[in-house]
Amino acid sequence: MIESATFHVISTELVVGSFALAGLCFVLHSFVSMRKPKTQIKFVLDATAHVALLFGFLALPFAILSGMSASPSGTHTSPLLVNKMLLSTGGGGLALGVLYARWKMYDDASSMHLHNAFGALSTACMLLTASLGGTYSRGDSFTESLTYVKTNTLLMPTWMSIAVIAIILAALLFRRFSAVKHG
């Protein structure tokens, strides 16, 4: 049987590699779209970015769950591990939003660049998460200058979380009863 720490390393490499490929393709897709609007490489970059993002998104739960079980003291004991959880779930949420919006998006150049920016932001969340993992396991990473992330966790107060949930539910409810046809 494979240990949870070993499985975490494998699943994390799958997530980070997939998200890195997706982020690179999102950035290149925006650059190519600015120079040559109709080329075959634009289609290839778009398809590669979204397939890599989907693969990384599907591997993400395995990395999160194996990371939680591999931590000797639990994920809630260290601000660094809590920040890793927040960043990875935030990046996963952005990835899900990008994948969902891909099938709803038209060929509008301004929304395409915004879409690529959110895809790249999702990649940035995952790469920062991986770098914090290097800080936790080896004591060194690219985030050595971010000392605040190691010692503090930015969480919303309870009242703000409830307000955000109420706003989201109201928006979903009003969308259902709206006279305007939505997507």
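Up top you'll find the structure we're talking about.
Computed from a predicted structure; not experimentally measured.

Take the overall build of the protein chain next. Summing up its helical and strand segments, the protein chain has 6 helices and 0 strands in all. Written out in order from the N terminus, the α and β elements of the protein chain read α-α-α-α-α-α. The burial tally for the protein chain puts 31% of its 183 residues in the buried class.

Moving on to a nonpolar patch on the surface. A cluster of nonpolar side chains, namely M156, W159, M160, V164, I165, I168, L169 and L172, defines an oily patch on the protein surface of about 800 Å² accessible area. Here I165 lies in helix 6 (residues 158–176).

Attention shifts here to the environment of M126. Looking at the secondary structure, you find M126 in helix 4 (residues 109–138). Note on M126: relative accessible area 3%, which makes it buried. Sequence-wise, M126 and A20 are 106 residues apart; in three dimensions their C-alpha atoms are separated by 8.4 Å. Setting aside residues no more than four positions away along its own chain, M126 makes contact with V15, F19, L60, S88, G91 and G92.

Two measures describe an aromatic ring pair: the distance that separates the ring centres and the angle between the ring planes. Across all of its chains, the model carries 1 aromatic pair by this definition. For the ring pair F7 and F62, a centre distance of 6.3 Å and an interplane angle of 90 degrees mean the geometry is edge-to-face. Taken together, the residues F7 in helix 1 (residues 4–35) and F62 in helix 2 (residues 40–70) connect sequence positions 55 residues apart. Since its relative accessible area comes to 48%, F62 is described here as partly exposed.

Taking 1.5 Å of rise per residue, the 24 residues of helix 3 (residues 79–102) would be expected to cover 34 Å, and the 34 Å separating its terminal C-alpha atoms lies within 8% of that figure. Within helix 3 the residues assigned to the buried category are L80, L81, N83, K84, L87, S88, G91, G92, A95, V98 and L99.

The next thing to look at is the side chain of T123. By the element assignment, T123 lies in helix 4. Of the polar contacts made by the side chain of T123, one reaches the backbone oxygen of F19; its length is 2.9 Å.

Here we take up the environment of V15. Counting through the fold element by element, V15 comes out in helix 1. Expressed as a C-alpha distance, the spacing of V15 and L53, which sit 38 residues apart in the sequence, is 8.8 Å. Filtering out sequence-adjacent residues up to four positions away, V15 remains in contact with G56, A59, L60, A63 and M126.

Quick look at the packing of helix 2 against helix 3 now. The contact between helix 2 and helix 3 brings their axes to 10 Å, and the two run at 150 degrees. Judged on the interaxial angle alone, helix 3 and helix 2 are roughly antiparallel. Helix-helix and strand crossings are classified by hand; for helix 2 and helix 3 the assignment is left-handed. Contact with helix 2, carried on its side by D46, H50, L53, L54, F57, L60, I64 and M68, involves M85, S88, T89, G92, A95, L96, V98, L99 and R102 of helix 3 and no other residues of that element. Here the residues of the contact of helix 2 with helix 3 are counted per class, giving 11 nonpolar, 4 polar and 2 charged.

Of all hydrophobic cores here, the largest spans 17 residues; its most connected members are V15, F19, A22, F26, L53, L60 and M126. Listing elements by their share of this core, those giving two or more residues are helix 1, helix 2 and helix 3. Take this core: its biggest share by element is 8 residues, from helix 2.

The rules behind these values
As a convention, each chain's residues are numbered from 1 in the sequence order in which they are written. Restriction of local features to residues with pLDDT of at least 70 applies here, the model being predicted, together with a cutoff of 80 or more for giving and counting side-chain atom pairs; totals for whole chains, interfaces and linings are based on all residues. Note that water and hydrogens are dropped before the side-chain values are worked out from all heavy atoms of the structure. Helix numbering and strand numbering both begin at the N terminus, where a helix is a DSSP run of H or I of at least 4 residues and a strand a DSSP run of E of at least 2. Per-residue accessibility, obtained with a 1.4 Å probe over protein chains only, is compared with the maximum for each type, and a residue is labelled buried under 20%, exposed over 50%, and partly exposed between these values. What makes a patch is a set of residues exposed beyond 30% relative accessible area and free of salt bridges, joined within 9 Å when like-charged and within 5 Å when nonpolar (Val, Leu, Ile, Met, Phe, Trp, Tyr). What sets the accessible areas is the Shrake-Rupley method with a 1.4 Å probe; for residues, cover comes only from the shown protein chains. The term salt bridge refers to a pairing of a side-chain nitrogen on Lys or Arg with a carboxyl oxygen on Asp or Glu at a separation within 4 Å. Contact definition: two residues touch when any of their heavy atoms are within 4.5 Å. Only the six-membered ring of Trp is used, alongside the rings of Phe and Tyr, when aromatic pairs are assigned; centres must lie within 6.5 Å, and planes under 30 degrees apart are stacked while those over 60 apart are edge-to-face, with the rest tilted. Helix span, expected: 1.5 Å multiplied by one less than the number of residues in the helix. Polar contact criterion, stated in full: a pair of N or O atoms within 3.5 Å, where within protein one must be able to donate a hydrogen and the other to accept it, and residues adjacent in sequence count only if both atoms are side-chain atoms. Helix axes are fitted only over the stretch in contact, all axes being lines through C-alpha atoms; the angle between N-to-C directions runs from 0 to 180 degrees. We call two directions roughly parallel when the angle between them is under 35 degrees, roughly antiparallel when it is over 145, roughly perpendicular when it lies between 65 and 115, and oblique otherwise. What makes a crossing left-handed is the near helix being turned counterclockwise from the far one by less than a right angle; a clockwise turn instead makes it right-handed. Put simply, Ala, Val, Leu, Ile, Met, Phe, Trp, Tyr, Cys and Pro go in the nonpolar bin, Asp, Glu, Lys and Arg in the charged bin, and everything else, Gly too, in the polar bin. The term nonpolar core refers to a set of buried residues drawn from Ala, Val, Leu, Ile, Met, Phe, Trp, Tyr and Cys, joined through side-chain atoms within 4.5 Å.

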